[in-house]
Amino acid sequence: MQTSQVFEDFEDKTGLRFSWNLIPNKKIELSKLSVPLACLYQPLRSMDQPVLLNEPPIVCRGCQGILNPYCQPDLNTQSWTCCFCFMRNALPPQYHHQLPFSTNQDCVNVEYNLPIVSNVTPPIYIFVVDTCLDHENIESLTSTLQNSISALPPDSIVGFISFGKNVNIHQLGNFETDTSYVFNGAKEYTVDQIEKHLNILSSDLRNNKQNGHAGAGVANGTGEFPGYQFLQPLSICEFQINKIIETLVQDNFPIPKQHRAERCTGSAINIAINLLQSYFNKTGAHIVVFSGGPCTFGPGSIVSTDLKDPLRSHSDLNKDNKMSRNFKKNEKFYESLSKTASLSGHTVDLFIGSYDQIGLSEMEVLIDKTGGVVVQSDDFTTAIFKQSFQRFINSQIESGINATLELKVSKGLKINGLLGHAISLNTKKNSSGSGVGGVGNGGNSNIGEIIGDTVIGEGNTNAWKLGSVNSHSTYAIYFDITDNIGTANSNNYVFFQFITHYQHCNGNRRLHVTTVTKPIVQQTNPQHGIIEYFDQEAAAVIIAREAIYKVTNDNSIDAIRWCDKVLVELLTRYADYRTNEVSSFKLSFFLQLFPQFMYHLRRSNFIQVFNSSPDESAFYRHVFNSEDTLNSLTMIQPSLTSFEIDAEPQVVLLDSLSIKPTRILLLDTFFHLLIYHGSQIAEWKRLGYQDMEEYEYLKEFFEKPRLEAAEILVDRFPLPRFIDTEEGGSQARFLYSKLNPTTSYKNNDIQSALVGGGGGVGDGAVVLTDDVSFQDFLNYVASLVVKP
């Protein structure tokens with residue numbers, strides 16, 4: 001019997017979770033499963049004992065697959081057989097008397113340290129800083145920047161751009177004066193225009209760029225080319241860049257009354273991307289943007305400076321043609337930048353310090369396609385910004401940049417697409433190309449055989465550009481099968497190989513290879529056997545990602561209907577029931593959690609846009625599409641922990657019945673950590689019992705939820721918003737909105753609940769919502785399932 005623990009152990013070993021861990025043998029059987037055949041892949045998942053080989057991989061000359069434990073080596077014939085294309089390949093001479101280590105069973109997840117073929121390029125960062133801030137925010141931002149930049153490796157190459165109405169590229173190569181080149185924020189610039197304005201069109205620079213040594217002058221600190229006055233190793237320019245940060249002041253263009261500042265965020269990002277492309281094309285780099293308000297000037301502007309003009313809402317984008325046209329225009333602008341940046345290996349990261357929207361919804365495609373991070377806070381003085389930025393800097397030693405992912409699959413399997421922070425490399429169109437990530441397609445003419453007809457997300461390919469990838473980065477990949485999958489794989493197993501090529505923080509190139517196998521259904525009618533191989537946790541995340549994809553391409557109503565359809569079809573096929581008897585409906589062990597996940601998904605901020613701005617919706621979806629299975633499940637169905645005086649802390653149902661007067665609850669939604677005090681507990685705190693000697697134990701009891709919250713915060717990124725509230729408090733709404741409203745104002749027993757003050761023992765709290773409870777939802781689903 002397959003259990004959740006089995007799936008988690010497999011994930012710890014490989015970084016993979018599959019929705020179905022048994023592959024149907026017919027295409028029609030796959031269509032009946034309702035939940036798509038897909039996986040969640042975490043390339044750089046932290047391992048207890050990672051396998052790192054300081055040797056190049058052994059590659060199949062047919063399909064370019066990499067030698068792995070499932071291949072068949074033969075020392076007698078000094079050859080090995082590829083498990084994907086079944087081609088025989090010669091073993092390298094050094095392995096004529098011993099098997100390569102990569103054939104060891106411990107090498108299903110292995111990393112290769114590739115030989116250095118050119119100059120090693122250290123990490124590159126361009127900081128793009130908004131100066132349309134008040135004095136307090138500028139002071140806090142500059143202080144955080146100085147503290148964090150000092151934590152970067154000394155050989156890191158850094159650049160600095162500030163922007164307000166205009167864009168300033170600060171000179172780092174001239175140590176005698178602080179100068180900058182000013183660009184008009186109303187314009188969109190090309191690479192050639194940037195190079196011309198900066199006077200970096202020397203023949204020496206052109207020749208070195210063509211020979212692939214553009215970084216040499218920077219790496220050794222000689223600054224021999226005039227262009228490197230804008231990008232220098234931190235060890236050389238640290239004093240100067242700190243001086244520039246210290247002297248940053250508010251943009252000096254006057255702001256009329258009742259107007260917003262003129263802020264050219266789009267133009268600044270455009271210039272930063274083109275500047276990097278000029279110097280370090282095809283080299284990993286980070287463009288770190290700090291924005292404190294809406295873009296109001298130049299390309300990408302979302303609103304005018306006049307405060308009478310409101311920022312666009314979801315309703316405006318649906319009903320206001322002018323706002324909708326401007327939104328699509330800005331999306332197209334950032335889409336163009338995303339293609340340039342991602343194919344150049346550059347990642348755009350965004351740190352927001354604003355109560356207002358800044359244009360993240362339009363900009364989302366740029367952050368997504370380049371694998372960047374988004375941190376949203378109210379301003380740059382908050383702990384959310386300061387600690388999240390520090391963690392971002394510290395996490396760089398575990399991250400990869402300029403990454404690509406290539407997927408090899410057995411015959412009979414097809415790849416429909418990928419949902420996550422990546423962009424397609426269109427290998428179907430370029431099947432005669434030289435390859436991906438140093439491994440390549442090798443001119444493989446049958447690449448189209450593994451590309452599915454249905455496109456989900458980034459499709460029509462078996463290779464993607466990931467940009468930046470960290471230990472939590474996770475990608476959902478969707479599959480299809482053909483009817484000959486069983487005959488094409490005589491051993492009744494199919495194989496998957498994930499090849500991730502990336503630049504390590506030390507500048508070296510690495511190849512991360514994960515190879516796994518899954519069995520094919522043997523019996524003709526798999527209806528009762530395959531459900532045991534269903535991973536309901538992974539399936540919920542996979543469904544959620546596809547639902548988000550449908551929302552962003554269509555609307556939330558259709559996405560909810562699609563989720564309902566998936567749930568009803570799955571339960572119709574695998575639940576236990578008798579036709580037309582709702583009372584007979586029963587969920588099997590393998591499906592007990594899935595309806596709960598679907599219920600909470602329907603109500604989540606990922607699908608529902610009510611009471612959320614376009615920027616907030618974009619932020620929630622961006623983070624969800626980047627996280628692993630466990631964190632994604634927390635976002636779908638938050639965890640609720642109960643603390644009582646005479647009991648150990650325990651996880652309780654996310655239900656209104658869990659609210660009691662003598663309980664403290666800790667809610668973790670991933671984005672929020674909320675401590676909620678029951679009515680009696682809140683009264684004790686107001687009376688100061690915890691400060692009285694005879695009630696000293698209360699002080700320790702009140703600290704328990706905070707200690708638990710502190711443990712959660714240790715590795716959480718971005719830092720969640722912390723809320724301390726009580727029954728009747730205004731911020732208690734964050735808890736009520738997530739609870740299953742078993743006791744709501746619509747219930748018949750509402751009077752009995754009210755007698756207890758909204759929190760009587762056994763009654764729970766009264767939740768003021770029109771949402772149906774989970775039990776009502778499940779009853780309705782059951783009524784649909786049992787229909788003949």
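Just so it is clear, the model here is predicted, and its values are computed rather than measured.

1. Observations regarding the overall build of the chain
Logical step 1: Scanning the chain from N- to C-terminus turns up 23 helices and 29 strands.
Logical step 2: A compact globule built from 788 residues would reach a C-alpha radius of gyration of about 28 Å, and the chain, at 28 Å, matches this within 12%.
Logical step 3: Its C-alpha atoms give the chain principal-axis dimensions of roughly 85 × 80 × 60 Å.
Logical step 4: A buried classification covers 58% of the 788 residues belonging to the chain.
Logical step 5: Of the roughly 33,000 Å² of accessible surface on the chain, 48% is carried by carbon and sulfur atoms.
Logical step 6: If the 62 positive side-chain charges of the chain are averaged to one point and the 83 negative ones to another, these points end up 9 Å apart.

2. Observations concerning the sheet that holds strand S3 (residues 51-53)
Logical step 1: Taken together, seven strands build an open sheet; the order of strands is S3-S7-S22-S21-S16-S19-S18 and the sheet is mixed. Each end of this open sheet is capped by a strand with a single partner; those strands are S3 and strand S18 (423-424).
Logical step 2: Packing against the sheet, helix H1 (residues 4-14) makes contact with strand S7 (109-113) and strand S22 (509-519), and its axis sits at approximately 150° to S22.

3. Some details on the UniProt feature "domain: Sec23/Sec24 helical" (unreviewed entry) in the chain
Logical step 1: The sites that carry the UniProt feature "domain: Sec23/Sec24 helical" (unreviewed entry) are, in the present numbering, residues 535-633.
Logical step 2: Strand forms 9% of residues 535-633 and helix 64%; the C-alpha atoms that close the span are 13 Å apart.

4. Here's the deal with unusual backbone geometry
Logical step 1: With an omega dihedral of -5°, the bond running from Phe-717 to Pro-718 counts as a cis peptide bond.
Logical step 2: Residue placement: Pro-718 occurs in the loop between helix H20 (696-713) and strand S29 (721-726).
Logical step 3: Here the phi dihedral of Gln-64 falls at roughly 70°; this positive angle occurs in a residue that is not glycine.
Logical step 4: Turning to its location among the elements, Gln-64 is positioned in the loop between S3 and strand S4 (72-74).
Logical step 5: Residue Gln-64 is classed as buried on the basis of its relative accessible area of 12%.

5. Structural notes on the environment of Val-785
Logical step 1: Mapped onto the elements, Val-785 comes out in helix H23 (residues 774-785).
Logical step 2: The spatial distance from the C-alpha of Val-785 to the C-alpha of Asp-576 is 10.0 Å, given a sequence separation of 209 residues.

6. What about the state of the cysteines?
Logical step 1: Summed over the entire model, instances satisfying the criterion amount to zero disulfides.
Logical step 2: In this structure Cys-60 is not part of a disulfide, and its nearest cysteine sulfur, from Cys-85, lies 3.5 Å away.

7. Structural notes on the pairing of strand S27 (residues 664-668)
Logical step 1: With five of five residues buried, S27 lies mostly within the body of the structure.
Logical step 2: Of the two faces of S27, the one holding Ile-664, Leu-666 and Asp-668 and the one holding Leu-665 and Leu-667 are both buried throughout.
Logical step 3: Across five bridges, the pairing between strand S25 (residues 639-643) and S27 is antiparallel. Looking at the pairing, Thr-641 lines up with Leu-666 of S27.
Logical step 4: Direction of pairing for S27 relative to strand S28 (residues 672-677): antiparallel, over a ladder of five bridges. Pairing of Ile-664 across the sheet is with His-677, part of S28.
Logical step 5: In sequence, S27 turns back onto S28 through a hairpin of three residues, with Phe-670 there showing a positive phi of about 80°.

8. Observations concerning the packing of aromatic side chains
Logical step 1: Applying the stated rule across the entire model yields 34 aromatic pairs.
Logical step 2: An angle of 80° between the planes, with centres 5.4 Å apart, marks the rings of Phe-589 and Phe-590 as edge-to-face.
Logical step 3: Under the relative-accessibility criterion, Phe-590 is labelled buried at 11%.
Logical step 4: An angle of 80° between the planes, with centres 5.6 Å apart, marks the rings of Phe-670 and Phe-671 as edge-to-face. Phe-671 matches Phe-670 in its accessibility class, with the two residues each being buried.
Logical step 5: Across the ring face of Trp-562, the terminal group of Lys-550 is positioned such that the distance to the ring centre comes to 5.0 Å.

9. Concerning the sheet that holds strand S17 (residues 413-419)
Logical step 1: If you walk across this open sheet you meet the four strands as S1-S2-S20-S17, and the pairing is antiparallel. Both outer strands of the open sheet, strand S1 (16-18) and S17, are each paired with one neighbouring strand and no more. The sheet shows a mean angle of 25° between the axes of neighbouring strands, direction not considered.
Logical step 2: Bridge analysis of strand S2 (residues 38-41) against strand S20 (residues 475-481) gives four bridges, and the strand direction is antiparallel. Counted as the bridge partner of Tyr-41 is Tyr-475 from S20.

10. As for the pairing of S17
Logical step 1: Counting buried positions along S17 gives seven out of seven residues, so the element sits mostly inside the fold.
Logical step 2: As defined by bridge partners, S17 adjoins S20 across six bridges and the pair is classed as antiparallel. Across the sheet, Ile-415 pairs through a bridge with Phe-479, a residue of S20.

11. Describing H1
Logical step 1: Every buried residue of H1 is accounted for by Phe-7, Glu-11 and Thr-14. One side of H1 holds all its buried residues, which, seen down the axis, span an arc of 85°.
Logical step 2: For H1, the elements touching its buried residues are S1, S2, S7, S22 and helix H18 (629-636).
Logical step 3: Two residues or fewer after H1 comes Gly-15, characterised by a positive phi angle close to 80°.

12. Overview of the pattern of salt bridges
Logical step 1: Applying the stated criterion to the full structure yields 26 salt bridges.
Logical step 2: The salt bridge involving Arg-573 is made with Glu-29; its shortest N-O contact spans 3.1 Å. Residue Arg-573 is located in helix H15 (residues 556-574), and its partner Glu-29 is located in helix H2 (residues 27-32); the two are separated by 544 residues in the primary sequence. As far as the burial class goes, Arg-573 and Glu-29 line up, both buried.

13. Quick notes on helix H12 (residues 383-394)
Logical step 1: For H12, which comprises twelve residues, the first-to-last C-alpha distance of 16 Å matches the rise-based estimate of 16 Å (1.5 Å per residue) to within 8%.
Logical step 2: Looking at the buried side of H12, the elements it contacts are strand S8 (124-130), helix H3 (135-149), strand S13 (285-291), strand S14 (346-353), strand S15 (374-377) and S29.

14. Some thoughts on the environment of Val-303
Logical step 1: Inspection of the secondary structure puts Val-303 in the loop between S13 and helix H9 (314-319).
Logical step 2: Taking the C-alpha atoms as reference points, Val-303 and Asn-137, 166 residues apart in sequence, are found 22 Å from one another.

15. Focus on the nonpolar core
Logical step 1: Counting 139 residues, the largest nonpolar core has Trp-20, Ile-477, Phe-479 and Phe-594 as its most contacted members.
Logical step 2: Not counting residues within four places of it along the chain, the set of residues in contact with Trp-20 comprises Leu-33, Val-35, Pro-36, Leu-37, Ile-530, Ile-531, Tyr-533, Phe-534, Leu-570 and Tyr-574.

16. Notes on the environment of Asn-174
Logical step 1: Examined against the element boundaries, Asn-174 turns out to sit in the loop between strand S10 (166-170) and strand S11 (180-184).
Logical step 2: Once the C-alpha coordinates of Asn-174 and Asp-192 are considered, the two residues, 18 residues apart in sequence, prove to be 23 Å apart.

17. Brief notes about the confidence of the model for the chain
Logical step 1: Averaged over all residues, the pLDDT of the chain is 89; the fraction at 70 or higher stands at 91%.
Logical step 2: Confidence drops under a pLDDT of 50 for residues 209-226, and excluding neighbours within four residues, the segment shows 30 contacts in the predicted structure.
Logical step 3: Here residues 748-762 is a poorly scored stretch, pLDDT under 50, and it has 22 contacts once near neighbours within four places are set aside; other chains count.

18. Notes on a negative patch on the surface
Logical step 1: A cluster of acidic residues, Glu-693, Glu-694, Glu-696 and Glu-700, forms a negative patch on the protein surface.
Logical step 2: Within the element layout of this structure, Glu-700 appears in helix H20.

Definitions and limits used
- Residues numbered from 1 in each chain as written.
- Predicted model: local features only at pLDDT ≥ 70, side-chain atom pairs only at ≥ 80, totals over all residues.
- Heavy atoms only, no water.
- Helix = DSSP H or I, 4+ residues; strand = E, 2+ residues; numbered from the N terminus.
- Rg over C-alpha atoms; globule rule 2.2 N^0.38 Å.
- Buried < 20%, exposed > 50% of the residue type's maximum accessible area, 1.4 Å probe, protein only.
- Areas by Shrake-Rupley, 256 points an atom, 1.4 Å probe, with all protein chains shown as cover.
- Lys, Arg positive; Asp, Glu negative; His and termini not counted.
- Charge placed at Lys NZ, Arg CZ, Asp CG, Glu CD.
- Pairing = 2+ DSSP bridges.
- Contact = heavy atoms within 4.5 Å.
- Axes fitted to C-alpha atoms, helices over the stretch in contact; angles between N-to-C directions.
- UniProt positions renumbered as here; feature names shortened; annotations may be inferred.
- Disulfide = S-S within 2.5 Å.
- Phe/Tyr/Trp six-rings, centres within 6.5 Å; stacked < 30°, edge-to-face > 60°.
- Lys NZ or Arg CZ within 6 Å of the ring centre and 35° of its normal.
- Arc of directions from axis to C-beta.
- Salt bridge = Lys/Arg side-chain N within 4 Å of Asp/Glu carboxyl O.
- Expected span 1.5 Å × (residues − 1).
- Core = buried A, V, L, I, M, F, W, Y, C linked by side-chain atoms within 4.5 Å.
- pLDDT = per-residue confidence, 0-100.
- Patch = residues over 30% accessible without salt bridge, like charges linked within 9 Å, V, L, I, M, F, W, Y side chains within 5 Å.

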